[in-house]
Amino acid sequence: IIVDGDATIGGTINITFPLGTPSNSTFAILTATGVKTDNSPTINWPAGYSGSGVFVGNEYQVSFSVLPVELVFFHAEKKDNNSVNMNWQTASEQNNRGFEIQRSNDGVDWKSIGFVDGAGTTLEEQYYSFNDRPNSSGITYYRLKQMDFDGQFEFSQVRSVELKNGKNEFKIYPNPATSY
């Protein structure tokens, strides 16, 4: 569909619903807003959608798709001095196998520390959590690797937590000392 200004679409559009027919007889397929700056449109996609656009001659052609998993938030919080609680929420999921939880001590090298099953395909909000007890003090980094059943995956934003678990002890000797 090529739109120059406001548009109303008429006619017949055949749509297949992976989760069954909606209960309402009228529904929005997609509503997005756009802004033109420096002769280049910027489209504000609604939650759960992703898209891109390109000029072809004088026309700006847009394509969009439904995101496989719409992550609302991902938090990692220190529970006590040696444990971290992670919580995240999705607004919708499509083909979601689950979430691999990854940890890093430097933000570069990542290690898988667990897996939480996803809800498959759903339009309902889902809440997830995972607890970790790393064996080190200092800043620890966490991220989610969201994995689809078809092998596709996407990483969340990275979260960091500073821990002081007492494992990095130091010793003073000789004890007792007399000079320094």
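Model, not experiment: these values are computed from the prediction. (Residues numbered from 1 in each chain as written. Predicted model: local features only at pLDDT ≥ 70, side-chain atom pairs only at ≥ 80, totals over all residues. Heavy atoms only, no water.)

Caption draft 1: Representation of the pairing of strand β9 (residues 138-148). Across the eleven residues that make up β9, a large majority, eight, are buried. Examined bridge by bridge, strand β6 (residues 83-104) and β9 share eight bridges and lie antiparallel to one another. Its bridge partner lying in β9, F99 is registered against Q146. With five bridges connecting them, β9 and strand β11 (residues 159-163) associate as antiparallel partners. The residue bridging Y141 from the neighbouring strand is S160, located in β11. (Buried < 20%, exposed > 50% of the residue type's maximum accessible area, 1.4 Å probe, protein only. Helix = DSSP H or I, 4+ residues; strand = E, 2+ residues; numbered from the N terminus. Pairing = 2+ DSSP bridges.)

Caption draft 2: Fine view of the nonpolar core. Judged by nonpolar contacts, the single largest core of 15 residues is most densely connected at V84, M86, W88, I101 and Y142. Top contributing element to this core by residue count: β6, with five residues. (Core = buried A, V, L, I, M, F, W, Y, C linked by side-chain atoms within 4.5 Å.)

Caption draft 3: Structural detail: the side chain of T90. By the element assignment, T90 lies in strand β6. Within the structure, the side chain of T90 is placed 2.7 Å from the side chain of E93, a separation counted as a polar contact. Beyond its immediate sequence surroundings of up to four residues, T90 is in contact with V69, E70, L71, V72, F99, E124, E125, Q126 and Y128. (Polar contact = N/O pair within 3.5 Å; in protein donor to acceptor, adjacent residues only side chain to side chain. Contact = heavy atoms within 4.5 Å.)

Caption draft 4: Focus on the packing of aromatic side chains. Counted by the stated rule, this structure contains five aromatic pairs. Summarising the aromatic geometry, the rings of F153 and F155 are spaced 5.6 Å apart at their centres and angled 75° between planes, so their arrangement reads as edge-to-face. Judged by relative accessible area, which is 37%, F155 ranks as partly exposed. What links up through ring pairs into an aromatic cluster is the set F74, W88, F99 and Y128. The side chain of R143 reaches across the aromatic face of F155, ending 3.9 Å from its centre. The ring of F153 has K145 sitting right over it, with the charged end atom 4.3 Å from the ring centre. (Phe/Tyr/Trp six-rings, centres within 6.5 Å; stacked < 30°, edge-to-face > 60°. Lys NZ or Arg CZ within 6 Å of the ring centre and 35° of its normal.)

Caption draft 5: Molecular detail of the pattern of salt bridges. Inspection of the entire model under this criterion finds one salt bridge. The shortest N-O distance in the salt bridge between R103 and D132 comes to 2.8 Å. One end of the pair, R103, is in strand β6; the other, D132, is in strand β8 (residues 126-132), and 29 residues separate them in sequence. (Salt bridge = Lys/Arg side-chain N within 4 Å of Asp/Glu carboxyl O.)

Caption draft 6: Spotlight on the environment of I113. In this structure, I113 sits in strand β7 (residues 111-122). Sequence-wise, I113 and Q102 are eleven residues apart; in three dimensions their C-alpha atoms are separated by 5.6 Å. Setting aside its immediate chain neighbours within four residues, I113 contacts I101, Q102, R103, F130, D132 and Y142.

Caption draft 7: Representation of the confidence of the model for the protein. Averaged over every residue, the pLDDT of the protein is 77; the share at 70 or more is 55%. Per-element mean pLDDT across the protein ranges from 60 in strand β4 (residues 59-66) up to 96 in β8. (pLDDT = per-residue confidence, 0-100.)

Caption draft 8: Broad picture of the environment of G114. Within the element layout of this structure, G114 appears in strand β7. A sequence separation of 30 residues divides G114 from L144, and the C-alpha atoms of the two residues are 10.0 Å apart. Sequence-distant contacts of G114, that is, excluding residues within four places in its chain, are made with F99, E100, I101 and F130.

Caption draft 9: Examining the environment of V72 more closely. Inspection of the secondary structure puts V72 in strand β5 (residues 69-80). Placed 53 residues apart in sequence, V72 and E125 show a C-alpha to C-alpha distance of 9.1 Å. If we skip the residues at most four places from it in the chain, V72 touches Q89, T90 and A91.

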